[in-house]
Amino acid sequence: MFTIGKWKLEIKKEWKIAFIATWIVGLLAHAYRFFNFLPIWDSIYNFTGVGSTYTLGRWFLPYAGLISSIFDLPWVNGALSLLYISIVMILLIEMFQIRNKGLIVVSAAVFASFPTVVSTFAYMYTADCYMLAFLLAVLAIFLTWRVKKWGMPLGIVALAFAMGIYQAYATCAIMMVLLYIIKQFAVEKMSLIDAIKKDLKYLGTLVGGLVLYLIILKLTLWHYNMNLAGYQGIGDMGIMSLAEYKAALLKTKARFTYMLGLEYGIINRPYTIINVVILVMIAVLLVYFVVKNRVFEKKLSLLALVVAVMLLPVGAYTVFFISPSVEYYTLMEMGLCFLYFLLIVLLNQIEWKAYLPKLLSVIGTVAICALAYYNVLNSNIAYYNLNLSYHKSYAVAENILDRIEDREEFGTVTKKVAMIGVYECPTENLISMVPAIMGISDDSFLNDPNHYQIFWNYCFGIQTELATYDEMHAIMETEEYKNMPIYPAKGSLQCINDIIVVRLSE
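This structure is a prediction, so every number in the text was calculated from the model and none was measured.

About the criteria used
Residues numbered from 1 in each chain as written. Predicted model: local features only at pLDDT ≥ 70, side-chain atom pairs only at ≥ 80, totals over all residues. Heavy atoms only, no water. Helix = DSSP H or I, 4+ residues; strand = E, 2+ residues; numbered from the N terminus. Rg over C-alpha atoms; globule rule 2.2 N^0.38 Å. Contact = heavy atoms within 4.5 Å. Areas by Shrake-Rupley, 256 points an atom, 1.4 Å probe, with all protein chains shown as cover. Expected span 1.5 Å × (residues − 1). Buried < 20%, exposed > 50% of the residue type's maximum accessible area, 1.4 Å probe, protein only. Salt bridge = Lys/Arg side-chain N within 4 Å of Asp/Glu carboxyl O. Axes fitted to C-alpha atoms, helices over the stretch in contact; angles between N-to-C directions. Parallel < 35°, antiparallel > 145°, perpendicular 65-115°, else oblique. Nonpolar A, V, L, I, M, F, W, Y, C, P; charged D, E, K, R; others polar. Disulfide = S-S within 2.5 Å. Phe/Tyr/Trp six-rings, centres within 6.5 Å; stacked < 30°, edge-to-face > 60°. Patch = residues over 30% accessible without salt bridge, like charges linked within 9 Å, V, L, I, M, F, W, Y side chains within 5 Å. 1 Å grid on protein atoms, 1.4 Å probe; cavity = no way out; pocket = protein on both sides within 12 Å on 5 of 7 lines; lining within 4 Å. Points joined across faces, edges and corners; volume = space filled by probe spheres on them.

**Q** Just to check I follow, could you spell out the overall build of the chain for this structure?
**A** Looking only at helices and strands, one finds 18 helices and six strands in the chain. Taken over the C-alpha trace, the chain has a radius of gyration of 26 Å; the compact-globule value for 506 residues is 23 Å, and the two agree within 12%. In the chain, of all internal contacts separated by at least 6 residues, the share reaching a separation of at least 24 is 77%. Of the accessible surface of the chain, which amounts to about 22900 Å², a share of 65% is contributed by carbon and sulfur atoms.

This is the structure we're talking about:
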């Protein structure tokens, strides 16, 4: 019990379990990433900094990054991320009243090892900021639920700042509201009128958070005299046409099934089978509670329950419905994790008094444990791939630099280098990850001339100058270049027009 003046805070046993479980599972899944230098193509540009900010609508991102440092520090950023996730788990188990210790541990395991977290840790230079956005999005709904007088205003501010770090985390708040509504109708037997009266404040938080985010965004762009970039449909947000909404539904279905391993239907693959069992268990438990609590007698409540369940994929992929040109990838899909949390919420409500409830509880718990275990393994496979990528990239960069420095022209005639093409070196027969995770690859991350220049300077302390586009175009028109073999063959490095040329591909 902590006491500050008249304010008292009791540290509950369930909170401690959630906190500790998050750290244990988090380290089992991500320790290798935390304690090793594993850059990717994007982090090469961000050894210091948090990435693009204002032009992508992320006006709070540069300030969120100040909590750690301007450097890409894997352990510091990773530890802060786990701290934020552990606080999220405390808020969730409190709001949804999860009291079963085993389910608390499994909840922490699922969230800490979810593919979006792995993808975020690939971009470690900004990972702690994104996990802070996750925390703020969850906090927004928690405050709306918990604080009577100022809950909604505080929630609006929290949600706006979450979106100011990364807009995609607004889906977490939406999914929380949908789960809460489902619990109200299926478990608490609430009538539609009572639910509307009680839940309008959550709609106020969601809409208010979006409006406040847009107001601050407009002011920020005006202050810095900037425009939104076209990246990922950022500049296209707004009301769409009916045809675009239909396309958004199709894209939602495609991405939803892909992330559940169902893009090829039900096939003999562990990840697919686990998710099929989980989906079936969610459906069975919902039917069980509808029958047990006689929800079917309240037709409007039953209809609202069905609609809320059907809206879950839409809630997880809301950005599809506000920008026609957006494309989802793993980094944006944390909201989908709440689908698994729905199963945990339902399992938490089962009473162990009859055979059927016991059977359902055992099957559901085993399935969600299997998913957590699979995700932990998948996390380590991801970092295994990043390790391969780093060693390949380092070896290629070092070999090319040695060969450049061996040329008499380097340092005397010129320090200008033209890296033409992309050298690809994926590992053969390496089984693809299921699901594939954005930012994870076993191939070299040196796929741009700037990558070589930055990497040589950062890891080798060697300064080089890159050829301009016009200079590279002129080189590619020469017969000397056209007769050059492809790296790593002998002769793949030559001096043309007083520029050291490396031909990496056709």
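More follows now that the structure is in view.
**Q** Can you walk me through helix α14 (residues 337-348) in this structure?
**A** Note: α-helices contain 3.6 residues per turn, so residues at a spacing of three or four share the same orientation. With twelve residues, α14 should reach 16 Å at 1.5 Å per residue; the first-to-last C-alpha distance of 17 Å fits that figure. Among the twelve residues of α14, twelve are classified as buried, and the element is accordingly described as predominantly covered. Among the residues of α14, those classed as buried are C337, F338, L339, Y340, F341, L342, L343, I344, V345, L346, L347 and N348.

**Q** Got a minute to help me understand the pattern of salt bridges in this structure?
**A** Pairing is possible between side chains of opposite charge, provided their charged atoms come close. All chains considered together, the criterion is met by twelve salt bridges. Here E297 makes a salt bridge to R294, at a shortest N to O gap of 2.5 Å. Given the relative accessible area of 47%, E297 is considered partly exposed. Note on R294: relative accessible area 45%, which makes it partly exposed. A salt bridge links R503 to E506; the nearest nitrogen and oxygen atoms lie 3.1 Å apart. Using a relative accessible area of 8% as the deciding quantity, one classes R503 as buried. E506 gets classed as exposed once you look at its relative accessible area, which sits at 79%. Each of K12, E94, R99 and R146 takes part in a single network of salt bridges with overlapping partners.

**Q** Help me understand the packing of helix α1 (residues 13-34) against helix α15 (residues 355-405), please; the structure alone is not making it clear to me.
**A** Between two packed helices, the angle of one axis relative to the other and the distance separating the axes together describe the packing. At a minimum axis separation of 8 Å, α1 and α15 run at an interaxial angle of 5°. One finds that α1 runs roughly parallel with respect to α15. Contacts from V25, L28, A29, H30, Y32 and R33 of α1 reach α15 at V376, S379, N380, Y383, L386 and N387. For the contact of α1 with α15, the residue count by class is seven nonpolar, four polar and one charged.

**Q** It is not clear to me how the side chain of S43 should be interpreted in this structure. Could you clarify?
**A** Take S43: it is sitting in the loop between α1 and α2 (61-64). Classification of S43 as buried rests on a relative accessible area of 1%. Setting aside chain neighbours within four positions, we find S43 in contact with D72 and Y125.

**Q** Please clarify how the state of the cysteines should be interpreted in this entry.
**A** Formally, a disulfide is one covalent bond, and it connects the sulfur atom of one cysteine to the sulfur atom of another. The full count for this structure, using the stated rule, is zero disulfides. No disulfide involves C129; its nearest neighbouring cysteine sulfur is the one of C172, lying 16 Å away. Residue C337 stays outside any disulfide, its sulfur separated by 8.5 Å from that of C172, the closest cysteine. Judged by relative accessible area, which is 0%, C337 ranks as buried.

**Q** What is the right way to look at the packing of aromatic side chains in this model?
**A** Note on aromatic pairs: each is described by the distance of the centres and the angle between the planes. On inspection of all chains with the given rule, the structure shows 36 aromatic pairs. Aromatic pair Y54 and Y224: ring centres 4.5 Å apart, planes at 20°, arrangement stacked. In this pair, Y54 is assigned in the loop between α1 and α2 and Y224 in helix α9 (residues 192-224), connecting sequence segments 170 residues apart. Between F111 and F134 the ring centres are 6.2 Å apart and the planes differ by 20°, which places this aromatic pair in the stacked class. Here F134 lies in helix α6 (residues 127-146) and F111 lies in helix α4 (residues 101-113), a separation of 23 residues in the sequence.

**Q** Honestly, a nonpolar patch on the surface in this entry has me stumped. Any pointers?
**A** Judged by side-chain polarity, I193, I196, L200, L203, V207, V211, I215, L219 and W222 come together as a nonpolar surface patch covering roughly 920 Å² of accessible area. When you line up the elements, L219 lands in helix α9.

**Q** Help me out: how do you make sense of empty space enclosed by the protein in this one?
**A** Taking a probe equal in size to a water molecule and rolling it over the atoms shows the remaining empty space. Following the criterion strictly, the structure yields one cavity of 30 Å³ or more and no others. One number sums up the size of the largest cavity: a volume of about 30 Å³. Contributing to the lining of the largest cavity are R33, F37, L38, P39, S43, F47 and D72.

Read these as geometric descriptors, not functional statements.
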